[in-house]
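Reading the structure
What follows is the residue order along each chain.
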Amino acid sequence: MIDLVGKTLQGRYKIERFLGQGGMSTVFLGEHLRLGRKLAIKALAPGVTNVRQLEAEARIMASLSHPGLALVLDFFDESGRTYMVMEFVSGRDLEQVAKLAPKPLSQRRVLEFADQLLDALEYLHGQEPPVIVRDLKPGNVMMDEGGRLRLIDFGLAKRLAPVPGGIELGMGSIGYAPIEQYGRGVADQRSDLYALGAIMLFLLSDQVPPDAAARLKEKAPLPDPRPLNDSVSDTVWTALQAMLELEPARRPQSAAEVRQLLGLVPGPVEPTPVEKPATRLCPVCQLPLQTAPKQKVEIDCCPQCGGVWLDRGELEQLAEVAQVYPEPKKKRTFWEQLTALIKG
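All of the points below concern the structure found in this document. What you see is a predicted model; the values in this text were computed from it and never measured.

This paragraph deals with helix α3 (residues 107-125). An ideal rise of 1.5 Å per residue puts 27 Å on 19 residues; α3 measures up with 25 Å between its terminal C-alpha atoms. Across the 19 residues that make up α3, a large majority, 15, are buried.

This part is about the environment of Phe76. On the secondary structure map, Phe76 appears in strand β5 (residues 72-78). A C-alpha to C-alpha distance of 8.6 Å links Phe76 and Gln10, two positions 66 residues apart in sequence. Setting aside residues up to four positions removed in sequence, Phe76 forms contacts with Leu9, Gln10, Tyr13, Arg81, Thr82, Tyr83 and Val85.

Let's shift gears to the pairing of strand β6 (residues 81-87). Burial of β6 is extensive: 6 of the 7 residues sit out of reach of the surface. From the end of β5 to the start of β6, which pair antiparallel, there are 2 residues, and Ser79 there has a positive phi angle of about 55°.

Either a parallel or an antiparallel arrangement is found when strands of a sheet pair, and the pairing is made through backbone hydrogen bonds. Here 3 strands make up an open sheet; going across it, the order is β7-β9-β10 and the pairing antiparallel. Two strands lie at the open edges of the sheet, namely β7 (91-93) and β10 (149-151), each paired on one side alone. Each strand of the sheet is rotated relative to its neighbour by a mean of 30°, with strand direction disregarded. Where α3 meets the sheet, its contacts fall on β9 (141-144) and β10, and the angle it forms with β10 comes to roughly 40°.

What the 6 strands build is an open sheet, ordered β1-β2-β3-β4-β6-β5; its pairing is antiparallel. In the strand order of this sheet, the two ends are held by β1 (8-9) and β5, each with one partner. Sheet analysis places β1 next to strand β2 (residues 13-21), joined by 2 bridges and oriented antiparallel. Across the sheet, residue Leu9 finds its bridge partner in β2, namely Tyr13.

This brings us to the side chain of Gln116. Here Gln116 shows up in helix α3. Taking the relative accessible area as the measure of exposure, Gln116 reaches 19% and is therefore buried.

Under the counting rule described, the total for this entry stands at 3 aromatic pairs. With 6.2 Å between their ring centres and 75° between their planes, Phe18 and Phe28 make a pair best called edge-to-face. Residue Phe18 is located in strand β2, and its partner Phe28 is located in strand β3 (residues 25-32); the two are separated by 10 residues in the primary sequence. Each ring, one from Phe76 and one from Tyr83, has its centre 5.3 Å from the other, and the planes form 25°; the classification is stacked. Of the residues examined, Phe76 reaches a relative accessible area of 7% and is grouped as buried. Here a set of aromatic residues connected by ring pairs shows up, and it is made of Tyr13, Phe76 and Tyr83.

The linkage connecting Glu128 with the following residue, Pro129, adopts the cis geometry, with an omega of -5°. Tracing the sequence through the fold places Pro129 in the loop between α3 and β8 (131-132). The phi angle at Ser79 is positive, at roughly 55°, despite the residue not being glycine. Relative to the helices and strands, Ser79 is located in the loop between β5 and β6. A positive phi angle is found at Asp206, which is not glycine, with a value near 60°.

Rules behind the numbers
Residues numbered from 1 in each chain as written. Predicted model: local features only at pLDDT ≥ 70, side-chain atom pairs only at ≥ 80, totals over all residues. Heavy atoms only, no water. Helix = DSSP H or I, 4+ residues; strand = E, 2+ residues; numbered from the N terminus. Expected span 1.5 Å × (residues − 1). Buried < 20%, exposed > 50% of the residue type's maximum accessible area, 1.4 Å probe, protein only. Contact = heavy atoms within 4.5 Å. Pairing = 2+ DSSP bridges. Axes fitted to C-alpha atoms, helices over the stretch in contact; angles between N-to-C directions. Phe/Tyr/Trp six-rings, centres within 6.5 Å; stacked < 30°, edge-to-face > 60°.

Given below as structure tokens:
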């Protein structure tokens, strides 16, 4: 591993600590000494000669601007090594979110994630020429502190262009890369939609999807998430099967088509309004309860004693928040966490 901790690059980027490592680069947390801003600094691994790949990634990302994408801020060479400086997204990736959840995430939560990722993919695929991610997976999707999903790694991204012979070398991540990324064709928009379907299946079942090459060889069906997660509807399972078709021509052809299959509409998915009686009284003080937003969920609170009234819908929404809420320093029960959420 490259050891850069404590060093200063370009006279302004101080390396603070190691963040992660991939096949061709290492990522560190850094700070801009003049601005005091935290940054992610990617360093090309020693011995890697394909500097053009990192430069291509930097050029692609620098040309893009979308709330669902991490920004590229700088690109340079120093002491014989190539670096890329990116926006640092503080939070957890979807793989960590899934591990922290006490059970597979609910369909409602996963559809909220899918809606945000589809928004980013529509933007990328709408570029001229389209930008294809080619390595969309839970570890490359961060949930920031505001709950927004951000794509953070474009190491395999490309501008869609004809490939000589119509074949690409194998690339991507096992379980999330479609069959065409195993040297059986050319990756395009449908390849990213396959990866999105694989992410959704992972979140709904808490299991990494089977490898596309193994599925082709063994003629194995996709694992049905419904026995593991009773929130998964027949409609969503049918959509996932279409997104994860091995043959690209049999998949949805665009992000818009995926939205239709999943029953999503353009824009963020809003929580379903909970119908409430016109007036509720606090059972202790007998005063009218007042509606107050807590963790983006509207609940009824007593202005006198501070008591709250939760119906089933509100309780389910708060429980969803608790699944991805930052871990407490001290272990707490589910009800203790829920109480902390309500108190804000």
